[in-house]
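# Topology and contacts: notes
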Amino acid sequence: MAPRAVRIAVIGAGLAGMRCAQLLNAVGFATFVFEKSRGAGGRLATRRADHGMRFDHGAQYLSARSDAFSSFLNGQRAAGVADIWNPRAYGPNAASMSRSPIVGAPHMNSVVKSISKGVSLKTDCRIAAIEQHENRWRLVSEAGERFEDFEVVIVATPAPQAEKLVTSWPDLAARAGAVKMTPCWTVMAGFENSLQLSFDALRQEDEALGWAARNSSKPARSSEPECWVMQASAKWSQDHLERDKNFVIDALLAMFAEATGKQLPEPSHADAHRWRYSIASNPVGESFLKLSGNGLYVGGDWLLGARAEDAFLSGSAVAEDIISNYRT
């Protein structure tokens, strides 16, 4: 049976929000996604730089524990927007890497962009408030734009941002506010020539530099320059949360040089990105939250765990609940 005409707003174009929108769009709901950044992806992010450099500076790879996510990743591979990455791993925690990790191709955000096709997406639009008027919802952006007449609103943002958006509903706000999300400083460094290292991925979870990956070793990136992504541990990132980018770049490059035992050449490109809300240390343990009978939902990876798969499962569960409740 076809769904009746229902206008739905999704706040956040990461994997949770876009997966939810994809499923709702597929059955005919009028779904609109609002994203504060320049494009879809969230933490499945890719940064472009000069000279053809690209950096997957958020999630580094994907792996599946559930049948649903495994099926999704297989579909992404069949569509040519994901592939298996076989890095040469190094470091005390190299063995903890997933077997046959999956990455987006040619970029990490290709996975999310592929499921955004056909979905109405408004970027560079930070939603500042959600307002309820009788049985309809209104969104208000920081720029003062108003988007009205929604029957359902889905908040698919990190927990602290979700808490602010649902502050008028204390029960939802309290549950989102109880989740603590750790930060992650990421450095993107490009070099004119190969560093001649014997590995593509460095994993040392108990060190200040927890991860480093040769981005250009991933599938569909062989023509790109020598690009490395380095990510600090949650503790180091928290301890240096408000430091400027130059300090972070110098610190992580020094840690990377120490870990490799090599003196690094001056990078031709270096930048840093602070993920203020990276990983939930105490997830809720439910697929989503909702305001019963009023069409307000909250979803995201932080409800279930710290993996991209958790975002996918949360977004899927929100969509399934809406479909089951708004069909006629």
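Our structure is the block above this text.
What comes next concerns the included structure.

Quick notes on the rules
Residues numbered from 1 in each chain as written. Predicted model: local features only at pLDDT ≥ 70, side-chain atom pairs only at ≥ 80, totals over all residues. Heavy atoms only, no water. Helix = DSSP H or I, 4+ residues; strand = E, 2+ residues; numbered from the N terminus. Expected span 1.5 Å × (residues − 1). Buried < 20%, exposed > 50% of the residue type's maximum accessible area, 1.4 Å probe, protein only. Contact = heavy atoms within 4.5 Å. Polar contact = N/O pair within 3.5 Å; in protein donor to acceptor, adjacent residues only side chain to side chain. Salt bridge = Lys/Arg side-chain N within 4 Å of Asp/Glu carboxyl O. Disulfide = S-S within 2.5 Å. Pairing = 2+ DSSP bridges. Axes fitted to C-alpha atoms, helices over the stretch in contact; angles between N-to-C directions. Phe/Tyr/Trp six-rings, centres within 6.5 Å; stacked < 30°, edge-to-face > 60°.

### Observations regarding helix 7 (residues 245-260)
- In this model helix 7 runs 22 Å from its N-terminal to its C-terminal C-alpha over 16 residues, within 8% of the 22 Å that 1.5 Å per residue would give.
- Buried within helix 7 we find V248, I249, A251, L252, L253, M255, F256, A257 and T260.
- Those residues of helix 7 that are buried lie in contact with strand 13 (181-191), strand 14 (201-203), strand 15 (209-214), strand 16 (226-232), helix 6 (234-239) and strand 17 (269-280).
- One side-chain oxygen of the residue at the start of helix 7 lies 3.0 Å from the amide nitrogen of N246, identifying that residue as D244.
- Positive phi appears at G261, one or two residues downstream of helix 7, with a value of about 75°.

### A closer look at the pattern of salt bridges
- In total, this model carries 22 salt bridges according to the counting rule given.
- Linking R203 and E205 is a salt bridge whose minimum nitrogen-to-oxygen distance equals 2.9 Å.
- Exposure remark for E205: the relative accessible area of 42% places this residue in the partly exposed category.
- K235 is paired through a salt bridge with D239; the nearest N and O atoms lie 2.8 Å apart. On the criterion of helical spacing, the pair formed by K235 and D239 is a turn pair, its members being 4 residues apart in helix 6.
- Through salt bridges with shared partners, a single network forms among R88, D200, R214 and E226.

### What about the state of the cysteines?
- Per the counting criterion, the structure on display carries 0 disulfides.
- Just so you know, C125 is unpaired, no disulfide at all, and the nearest cysteine sulfur is the one on C20, 18 Å from it.
- Judged by relative accessible area, C125 falls into the buried class, the value being 2%.
- Free cysteine: C227, not disulfide-bonded; nearest cysteine sulfur from C184 at 18 Å.

### Overview of the sheet that holds strand 2 (residues 30-34)
- The strand order 8-2-1-12-19-18 describes an open sheet built from 6 strands, whose pairing is mixed. In the strand order of this sheet, the two ends are held by strand 8 (120-122) and strand 18 (289-291), each with one partner. In this sheet, neighbouring strand axes are inclined to one another by 20° on average, regardless of whether the strands run parallel or antiparallel.
- As paired strands, strand 2 and strand 8 are joined by 3 bridges and run parallel to one another. Bridging across to strand 8, F34 finds its partner in K122.
- Contacting strand 1 (7-11), strand 2 and strand 12 (152-155), helix 1 (residues 15-26) crosses the sheet at an angle of about 165° to strand 2.
- Here helix 5 (residues 170-177) sits on the sheet in contact with strand 18 and strand 19 (296-298), set at roughly 165° to strand 18.

### Considering the sheet that holds strand 11 (residues 146-150)
- The strand order across the open sheet formed by 3 strands is 9-10-11, and the pairing between neighbours is antiparallel. Each end of this open sheet is capped by a strand with a single partner; those strands are strand 9 (127-133) and strand 11. Direction aside, neighbouring strands of the sheet carry axes that sit 20° apart on average.
- Across 6 bridges, strand 9 lies against strand 10 (residues 136-141) in antiparallel orientation. If you follow E131 over to strand 10, its bridge partner there is R138.

### Points about the packing of aromatic side chains
- Taken as a whole, this structure holds 14 aromatic pairs when the rule is applied.
- Look at Y61 and W211: their rings are 6.0 Å apart centre to centre, the planes differ by 50°, and that puts the pair in the tilted class. A residue pair is termed long-range when its members are at least 10 positions apart, and Y61 in the loop between strand 4 (54-55) and helix 2 (67-78) and W211 in strand 15 qualify at 150 residues. W211 carries the same exposure label as Y61, and that label is buried.
- Judged by centre distance (4.9 Å) and plane angle (20°), the ring pair of Y90 and F199 falls under stacked. Here Y90, found in strand 6 (residues 89-90), pairs with F199, found in the loop between strand 13 and strand 14; they are 109 residues apart in sequence, far enough to count as distant.
- A relative accessible area of 4% means that F199 is categorised as buried.

### Quick word on the environment of A68
- Topologically, A68 is positioned in helix 2.
- The class for A68 is partly exposed, based on a relative accessible area of 42%.
- Between the C-alpha atom of A68 and that of E309, which follows or precedes it by 241 residues, the distance is 9.3 Å.
- The residues touching A68, leaving out its near neighbours within four places in the chain, are F312 and L313.

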